[in-house]
Amino acid sequence: MSHQGPLYLGFDLSTQQLKAIVVDSDLKTIAQSKVDFDADFSKYGIQKGVHVRPSTGEVYAPVAMWMESLDLVLHRLSKEMPVPMSRIRGVSGSGQQHGSVYWNYQAHDALKGLDASKELVDQLSGALAHEWSPNWQDQSTQSECDAFDVELGDREKLAGVTGSGAHHRFTGTQIMRMRRVRPEVYAQTSRISLVSSWLASILLGSIAPLDISDVCGMNLWDIPNQQYSSELLALAAGKDGADDLRKKLGEPQMDGGTPFGNISPYFVERYAFHPECQIVPFTGDNPATILALPLRPLDAIVSLGTSTTFLMNTPKYKPDGAYHFFNHPTTKGHYMFMLCYKNGGLAREKVRDALPKPADGQTGWEAFNKAVLDTPPLAMAKEGDQAKLGLYFYLRETVPNIRAGTWRFTCDSDGGNLQESREEWSKEVDARVIVESQALSMRLRSQKLVHSPRDGLPAQPRRIYLVGGGSLNPAIASVIGDVLGGADGVYKLDVGGSACALGGAYKALWAMERKHGETFDQVIGKRWKEEGSIEKVDAGFKDGTYQTYGSVLGSFEEMEKRLLAEEQKQ
């Protein structure tokens, strides 16, 4: 570490860990550290970072634990690495989306007067109106969700304004419930932070504004007009409470690259930060993920973990109650499109486990992959065969909102004659169809956002990046290329296990080193090196195959609609 150039620090405050990563101006990782909440702070009695109250559906985390974690992770970074903290020029990061922290009226003075000889938890616990932060897994707000979905007319109108239909975890419904269930907490609250802006506030030594992307995870921000919705503020805060709630939230920072100001003297004295180190707006964990890679318009990330997530950077705002739009965290006029599926890796595992017992020496996944690759697209072995479509929901799905169950349909190769299958097909065919069904759902819901990447090609993503455990699976990569296309291919992306923290570090670098008018992509893109980070795993677009799936996309949508209609009758 003899080089004396600037360094940039990124944080990720997730449900189970606080991670910190330091990079230099060339994006090289210099050091990283983390705190594991269950391992390091078992005294809080948490499991996987949270407390759960099954009787109410509440899921929440102790804010004091996060305070202790910040001191601990910085101690590890500065004393155990050690990192030359005085060279850190900018700090940003991410926090678990939708979670909220309630400050009381002592917060301003407490943050401003931090004593470097004492730990954060001993000075700031008394600055909270509520010692708990509702977690994104919380499910206690159904009545509030119902109210949000009808306030502007219906769920689709709410999505048109806020980018999403109402969800249990969204901050607006959580605030509405807090005011109803714990009115004394709401009355004692001077400011409400998101988890991202809460962490920025601690480092800044004053209440930091909300981030322009993270504010969209509240069901309170009017995205087309880039302002709070007065109607939704009044719903959450009560008829005469809209202005008060607006003050509690504060106006968000509209430019994701404009620093808030110098780091708090507490961190200068305690950890040797430079006194002019700048705090840059923190964002949500999902927006931070797309910053860990210079994701260009028409590029998509598919996260293949326990659940499945589809992310795109797009200049088009095409909202729908089934998915999410957020302001892009760095690029004005662009949006982050996000699909979240509960039935991801666990559903694929269920289908894998139903396959005939694999031959000697063959693993279950090897048998699954063979079944997928040996089965032709849509299980149509020859001309005239019916296309096979299915849904495999072992949990109630959100996209679409259909109960747990397995359904099998057939249709003609041109998409006509959709019928529920009277016969169960082989388990090997199921292996192919479950992967196709997950990819078809992504294609159906993203089709309005893509266009032709170059002359002569149908509309599709330019590149598709796979992350998560499923990204290692060649059969899944092949089917995703078949269904979703990807004019420049399908790639496995590996930026380590700290993508959100890395995105935060890149955001800090961009804010501090950009020239006037220079975009995030311009600053980071020319320094980001593909070597060692991505590997091409499939050709992507295959002429003919891609159109075959396009022909049955309408039938796939009709299959979902029929099942939704059946459920509404019950």
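Residues numbered from 1 in each chain as written. Predicted model: local features only at pLDDT ≥ 70, side-chain atom pairs only at ≥ 80, totals over all residues. Heavy atoms only, no water.

Chemist: I'd love a proper account of the domain arrangement of the chain, names of residues and values included.
Modeler: Domain annotation of the chain identifies domain 1 (7-287) and domain 2 (371-445 + 544-568). A straight line from the C-alpha centre of domain 1 to that of domain 2 covers 40 Å. (Domains from an automatic or database assignment.)

Chemist: Explain the environment of V59 to me, using residue names and the numbers behind them.
Modeler: You can see V59 is positioned in strand β5 (residues 58-62). As a C-alpha pair, V59 and N135 span 76 residues in sequence and 5.5 Å in three-dimensional space. V59 has contacts with V50, H51, V52, S133, P134, N135, Q137 and D138, leaving out every residue within four places of it along the chain. (Helix = DSSP H or I, 4+ residues; strand = E, 2+ residues; numbered from the N terminus. Contact = heavy atoms within 4.5 Å.)

Chemist: Talk me through the sheet that holds strand β8 (residues 132-134); I want residue IDs and the actual numbers.
Modeler: With respect to topology, three strands assemble into an open sheet ordered β4-β5-β8, the strand pairing being antiparallel. Lying at the two open borders of the sheet, with one neighbouring strand each, are β4 (51-53) and β8. Each adjacent strand pair in this sheet contributes to an overall mean axis angle of 35°, direction not counted. In this structure, β4 lies alongside β5, joined through three bridges in antiparallel fashion. Of the residues in β5, the one forming a bridge with H51 is Y60. (Pairing = 2+ DSSP bridges. Axes fitted to C-alpha atoms, helices over the stretch in contact; angles between N-to-C directions.)

Chemist: Explain the UniProt feature "domain: Carbohydrate kinase FGGY N-terminal" (unreviewed entry) in the chain residue by residue, including any values.
Modeler: In the numbering used here, UniProt assigns the "domain: Carbohydrate kinase FGGY N-terminal" (unreviewed entry) feature to residues 136-237. For residues 136-237, the end-to-end C-alpha separation is 20 Å, with 52% helix and 8% strand making up the annotated structure. (UniProt positions renumbered as here; feature names shortened; annotations may be inferred.)

Chemist: Describe the sheet that holds strand β18 (residues 335-341), naming the residues involved and giving the relevant values.
Modeler: In spatial order, the strands read β17-β18-β16-β15-β22-β23-β24; together these seven strands make up an open sheet with mixed pairing. The strands lining the two open edges of the sheet, one partner per strand, are β17 (324-327) and β24 (534-538). When the angles between neighbouring strand axes are averaged without regard to direction, this sheet yields 25°. With five bridges connecting them, strand β15 (residues 299-304) and strand β22 (residues 463-467) associate as parallel partners. Bridging across to β22, A300 finds its partner in I464. Sitting on the sheet, helix α16 (residues 427-446) touches β15, β16 (308-314) and β18, and the angle it makes with β18 is about 150°.

Chemist: How would you sum up the packing of helix α15 (residues 364-374) against α16? Please name residues and give values.
Modeler: The N-to-C vectors of α15 and α16 enclose an angle of 80°; their axes lie 8 Å apart at closest approach. By the angle class used here, α15 and α16 are roughly perpendicular. On the side of α15, the interface is formed by F368, A371 and V372, while α16 contributes E428, A431, R432, I434 and V435. In terms of residue class, the contact of α15 with α16 is built from six nonpolar, no polar and two charged. (Parallel < 35°, antiparallel > 145°, perpendicular 65-115°, else oblique. Nonpolar A, V, L, I, M, F, W, Y, C, P; charged D, E, K, R; others polar.)

Chemist: Explain helix α10 (residues 230-237) residue by residue, including any values.
Modeler: Looking only at α10, the buried set comprises L232, L233, L235, A236 and A237. Along its buried surface, α10 packs onto α5 (142-151), α6 (155-162), α7 (171-181), α8 (183-188), β11 (227-228) and α11 (242-249). (Buried < 20%, exposed > 50% of the residue type's maximum accessible area, 1.4 Å probe, protein only.)

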